[in-house]
Amino acid sequence: MESENLKLVKQLRHELHQHPELSNEEAWTKQYLIDFLKKHTKLEIIEHDKWFYAAYRAGEGKQNIAFRADFDALPMDEGIELPYGSQFPGKAHKCGHDGHSASLAGFALEVDQKGTDKNIFFLFQHAEETGDGAVECVSFIEENKIEEIFAYHNMSGMAFKSVNVIDGTCQFASKGMTIHFEGSPAHASQPETGVNPSYAIAKLIHAIPEFTSSDNNKGLVLCTVVQIDVGERAFGMSASKGDLLLTIRAYYEEELDKLQRNLEDLANAQAEEYGMKVSFTYNDEFPETYNYKESNDRVRAVCKEKGMELVEMKEAWRASEDFGHYTKVTKGAMIYIGNGFEHPPIHTYEYDFKDDIIETAVELFKGLASVY
């Protein structure tokens, strides 16, 4: 990577870090990235409401390859002293999306300056953390006849600058599930005259181990109780309303759907038995993220050619990623680049993106795009 380009994108990363914006609020971030690319490249910029992409066009009949970076931050305080620390309390880039976007911008500089025989699309996506972004951007794939798409995520607990891949599922499908019951109130001395949802919620919680058991599923299935909210802090009343908040997660998306059906069926049965109303709402919905072996094989070949450390992951990462929406409609791969074994994990106060891995990401992407 050209030293001047690396210097520019490190500065870009620090600017993005100072101005974090939460999912679906990234107006400043989007515009700052657009302005950066307009200033430093001749790439075509195509804007959408909350996201955009840049395009390098080699010509008709050439292969169309896309590379994606996310740019939203987390609802967290900075937590550590940094010369480029967040200027906004309660908002910080604690997942490294500032680094992902800076890396993609650096890659764009190199492609613009050096050229390639492929049509390259640089997709800058909003709202990854909530699962809203990719589902809104996925039309980009068909509109531009994208044949393959790549992205990377920085990852602590992996060798510094190592490139980590796994074929098939690389990140779990998940969603937040709220089960809401409405019974009827009663005096605490006469609970039999009302309908208390606590017993139905207890039966649902009791059923979770059976629903998620390895005996009943081919892949790992998880159901995490996030919150139980029943009744009021009033000792003279028997509860009449209650919410059970769960995060449901599975290696296979079909088994996530099965877990959801099982929970809904049992909740409906409990509502009918006790004479209650029940409703369901869902948040932060993420698909299974699937890596194509063919795409990973291209990553493997680039690593071999460039002398990059390649690690074959032994298991998928349980956390979710909305990148899976793209690989439902075209081939591609999510790649992980190591921050080092001792680097603080993402989503913690101690974490900050490591600028040193920007060049690793750019060189990897250049290899996939045949930029030399």
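Attention in this report is confined to the structure presented alongside it. Predicted model only: the values in this text are computed from it and were never measured.

1. Notes on the layout of surface pockets
Phase 1: When its volume is computed, the largest pocket comes out at roughly 390 Å³.
Phase 2: Around the largest pocket, the lining comprises 24 residues; the ones closest to its centre are E129, S174, R249, D284 and F286.
Phase 3: Every element with two or more residues in the lining of the largest pocket is listed here: β8 (173–182), β12 (241–250) and β13 (277–286).
Phase 4: For the lining of the largest pocket, the element with the most residues is β8, which contributes 5 residues.
Phase 5: Here the residues of the lining of the largest pocket are counted per class, giving 9 nonpolar, 9 polar and 6 charged.
Phase 6: Taken as a whole, the second largest pocket encloses approximately 250 Å³ of empty space.

2. With respect to helix α8 (residues 293–306)
Phase 1: Taking 1.5 Å as the rise per residue, α8 with 14 residues should run 20 Å; its terminal C-alpha atoms sit 20 Å apart, in good agreement.
Phase 2: Within α8, the full set of buried residues consists of S295, N296, V299, R300, V302 and C303. Projected down its long axis, α8 shows its buried positions confined to an angular sector of 165°, all on one face. Residues of α8 that are exposed and point more than 90 degrees away from the buried face comprise K304 and E305.
Phase 3: Where the residues of α8 are buried, they touch β5 (148–156), β6 (163–165), β14 (289–291), β15 (310–312), β16 (331–340) and α9 (357–369).
Phase 4: Looking one or two places after α8, you find G307, whose phi comes out positive at around 70°.

3. Points about unusual backbone geometry
Phase 1: Backbone geometry at A127 places phi at a positive 50°, although glycine is not the residue there.
Phase 2: As for its placement among the helices and strands, A127 is situated in the loop between β4 (119–125) and α4 (133–137).
Phase 3: Phi at D284 is positive, roughly 50°, even though this residue is not glycine.
Phase 4: The residue D284 is located in strand β13 in this model.

4. Points about the sheet that holds β8
Phase 1: In space, the 4 strands of this open sheet follow the order β10-β12-β8-β13, with antiparallel pairing throughout. The sheet is open, and its two edges are formed by β10 (221–230) and β13, each paired on a single side. Averaged over neighbouring strand pairs, the angle between their axes works out to 15° when direction is ignored.
Phase 2: In the packing of helix α7 (residues 253–274) onto the sheet, contacts are made with β8, β10, β12 and β13, and the angle to β8 comes to roughly 5°.

5. Things to note about the environment of R233
Phase 1: Note that R233 resides in the loop between β10 and β11 (237–238).
Phase 2: Classification of R233 by relative accessible area gives exposed; the value is 78%.

6. With respect to the pattern of salt bridges
Phase 1: The full count for this structure, using the stated rule, is 27 salt bridges.
Phase 2: Across the pair D352 and R13 runs a salt bridge whose closest N-O atoms are separated by 3.1 Å. In this pair, D352 sits in the loop between β16 and α9 while R13 sits in helix α1 (residues 3–18), placing the two residues 339 residues apart along the sequence. Just as D352 is buried, R13 falls in that class too.
Phase 3: One salt bridge connects K331 with E294, and the closest N-O pair in it is separated by 2.6 Å. Remark: E294 occurs in helix α8 and K331 occurs in strand β16; sequence separation between them is 37 residues.

7. Here we look at the packing of aromatic side chains
Phase 1: Counted under the stated rule, the structure contains 17 aromatic pairs.
Phase 2: Relative to F122, the ring of F107 has its centre 5.3 Å away and its plane inclined at 65°; by these criteria the two rings are edge-to-face. Linking F107 in helix α3 (residues 97–114) with F122 in strand β4, this pair joins segments that are 15 residues apart in sequence. No difference in accessibility class separates F107 from F122, as the two residues are buried.
Phase 3: Ring centres 5.6 Å apart and planes at 70° place the aromatic pair F323 and Y326 in the edge-to-face group. Side by side, F323 and Y326 carry an identical accessibility label, which is buried.
Phase 4: Ring pairing ties together the aromatic residues F67, F107, F122, F150, Y152 and F365, which thus form one cluster.
Phase 5: Sitting over the ring of Y282, K175 keeps its end group 5.2 Å from the ring centre.

What counts as what
- In this numbering scheme, every chain counts its residues from 1 along its sequence in written order.
- Residues qualify for local features only when their pLDDT is at least 70, as the model is predicted, and side-chain atom pairs are given and counted only at 80 or more; totals for whole chains, interfaces and linings, by contrast, use all residues.
- Side-chain measures were taken over the full set of non-hydrogen atoms in the model, leaving aside hydrogen atoms and water.
- Only protein atoms enter the calculation, which uses a 1 Å grid: trapped sets of points that fit a 1.4 Å probe without letting it out are cavities, open sets showing protein on both sides within 12 Å along at least five of seven lines are pockets, and any residue with an atom within 4 Å of a point is a lining residue.
- Grid points are joined across faces, edges and corners, and a volume is the space filled by probe spheres set on the points.
- The helix count covers DSSP runs of H or I at least four residues long, the strand count covers runs of E at least two residues long, and both are numbered beginning at the N terminus.
- Each residue is assigned to one class: nonpolar for Ala, Val, Leu, Ile, Met, Phe, Trp, Tyr, Cys and Pro, charged for Asp, Glu, Lys and Arg, and polar for all the others, Gly among them.
- For a helix, the expected span equals 1.5 Å multiplied by the residue count minus one.
- Whether a residue is buried, partly exposed or exposed follows from its accessible area with a 1.4 Å probe, protein chains only, as a fraction of its type maximum: under 20%, in between, or over 50%, in that order.
- Taking the helix axis as origin, the arc is that swept by the directions to the C-beta atoms.
- Whether two residues are in contact is decided by their heavy atoms, any of which lying within 4.5 Å being enough.
- Any two strands with at least two DSSP bridges between them are considered paired.
- Axis lines are fitted to C-alpha atoms, over the contacting stretch for helices. Their N-to-C directions set the angle, which ranges from 0 to 180 degrees.
- Salt bridges are counted wherever a side-chain nitrogen of Lys or Arg sits within 4 Å of a carboxyl oxygen of Asp or Glu.
- The aromatic pairing rule takes the rings of Phe, Tyr and Trp, using the six-membered ring of Trp, and pairs them if the centres are within 6.5 Å, calling planes under 30 degrees apart stacked, those over 60 edge-to-face and the rest tilted.
- In this scheme, Lys NZ or Arg CZ marks a charge over a ring once it lies within 6 Å of the ring centre and within 35 degrees of the ring normal.

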